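Letter by letter, the chains look like this.
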Amino acid sequence: MDTANIEDKLKNKKIRPTAMRLLVYNLLQEKQQAISLTDIETAFLTDESLSIPVDRTTIYRTVKTFEKKGVVHAIEEGSGIVKYALCDNDCDDEHHSDMHLHFYCTSCQKTFCLTDHKIPKVALPNNYKVLELSLMAKGICEDCNKDN
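Residues numbered from 1 in each chain as written. Predicted model: local features only at pLDDT ≥ 70, side-chain atom pairs only at ≥ 80, totals over all residues. Heavy atoms only, no water.

S.K.: Quick question: what am I supposed to make of the side chain of H102 here?
M.R.: Structurally, H102 is set in strand β4 (residues 100-105). Accessibility expressed as a relative area gives 5% for H102, which makes it buried. Of the polar contacts made by the side chain of H102, one reaches the side chain of H100; its length is 3.2 Å. Setting aside residues no more than four positions away along its own chain, H102 makes contact with H73, I75, F112, C113, L135, M136 and A137. (Helix = DSSP H or I, 4+ residues; strand = E, 2+ residues; numbered from the N terminus. Buried < 20%, exposed > 50% of the residue type's maximum accessible area, 1.4 Å probe, protein only. Polar contact = N/O pair within 3.5 Å; in protein donor to acceptor, adjacent residues only side chain to side chain. Contact = heavy atoms within 4.5 Å.)

S.K.: Sorry if this is basic, but what is going on with the nonpolar core here?
M.R.: Soluble globular proteins tend to bury their nonpolar side chains together. Core analysis: the biggest nonpolar cluster contains 21 residues, and V24, I40, F44, I59, V63 and F66 have the highest contact counts within it. Those elements giving two or more residues to this core turn out to be α1 (3-12), α2 (19-31), α3 (37-45) and α4 (56-68). With seven residues, the single largest contributor to this core is α2. Not counting the four nearest positions on each side in its chain, F66 is found in contact with L10, I15, R21, V24, Y25, V71 and V72. (Core = buried A, V, L, I, M, F, W, Y, C linked by side-chain atoms within 4.5 Å.)

S.K.: Honestly, the environment of C144 in this entry has me stumped. Any pointers?
M.R.: Within the secondary structure, C144 sits in helix α5 (residues 142-146). Classification of C144 by relative accessible area gives buried; the value is 14%. Along the backbone, C144 and C108 are 36 residues apart, and their C-alpha atoms lie at a distance of 7.1 Å.

S.K.: How should I be thinking about α2 in this particular structure?
M.R.: For an α-helix the count is 3.6 residues per turn, leaving residues at separations of three or four pointing the same way. Under the 1.5 Å per step criterion, the end-to-end length of α2 is 18 Å for 13 residues, consistent within 8% with the ideal 18 Å. Taken residue by residue, α2 has M20, R21, L22, L23, V24, Y25, N26, L27 and L28 as its buried positions. Against α1, β1 (35-36), α3, α4, β2 (72-76) and β3 (82-86) lie the buried residues of α2. Positive phi appears at Q32, one or two residues downstream of α2, with a value of about 55°. (Expected span 1.5 Å × (residues − 1).)

S.K.: How should the packing of α3 against α4 be read in this particular structure?
M.R.: When two helices pack together, their arrangement is given by the angle between the helix axes and by the axis-to-axis distance. Between α3 and α4, the shortest axis-to-axis distance is 10 Å and the interhelical angle comes to 125°. It follows from the interaxial angle that α3 and α4 lie oblique. As α3 runs across α4, the sense of the crossing is right-handed. On α4, the residues that touch L37, T38, I40, E41 and F44 of α3 are R56, I59, Y60 and V63. Looking at the contact of α3 with α4, its residues break down into six nonpolar, one polar and two charged. (Axes fitted to C-alpha atoms, helices over the stretch in contact; angles between N-to-C directions. Parallel < 35°, antiparallel > 145°, perpendicular 65-115°, else oblique. Left-handed = near helix turned anticlockwise from the far one by under 90°. Nonpolar A, V, L, I, M, F, W, Y, C, P; charged D, E, K, R; others polar.)

S.K.: Looking at this structure, how should I read unusual backbone geometry?
M.R.: Trans peptide bonds make up most of the peptide bonds, and negative phi angles are found at most residues other than glycine. A positive phi is found at Q109, a non-glycine position, where the angle reads about 65°. The residue Q109 is located in the loop between β4 and β5 (111-118) in this model.

S.K.: Looking at this structure, I do not really get the pattern of salt bridges. What am I missing?
M.R.: Oppositely charged side chains can form a pair if their charged atoms are brought close together. The final tally for this structure, using the stated rule, is four salt bridges. When the shortest N-O distance is used, the salt bridge between R56 and E41 registers 2.8 Å. Note that R56 is positioned in helix α4 and E41 in helix α3, a separation of 15 residues in sequence. The residue E67 makes a salt bridge to K64 at a minimum N-O spacing of 3.0 Å. Within this pair, E67 and its partner K64 are both found in helix α4, separated by three residues, close to a single helical turn. Accessibility expressed as a relative area gives 21% for E67, which makes it partly exposed. The class for K64 is partly exposed, based on a relative accessible area of 31%. (Salt bridge = Lys/Arg side-chain N within 4 Å of Asp/Glu carboxyl O.)

Shown next, in the form of structure tokens:
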């Protein structure tokens, strides 16, 4: 884990870099896909090298702090489970600018941010204000498609 780099990123977002925050950030960075709170908890509970206590409430608070400060964005792919992925560097506590396609694999149930595929601007009638916009594609991911 590149602790110094992660600490700097968190400090730039005005987040105190606690041990749990460093671990959660590092896990999200390593996974390179969106993961749920349960996925985070399971990863930590099965990691025997961790020397800090892991509880669901601390993980939840960490992820919610990250979301509020523009470190992660939430993705709802329709299964009822919210997943989280790291934001682009230009997100902050005022707004998220992660206007990209999300892809949910119906085979492996993984959710990916396809950051190279941007969501086009949507023209709305006067007096309408977009607060959140998401685009979810569902199908078979690259890895699962190799098996066919």
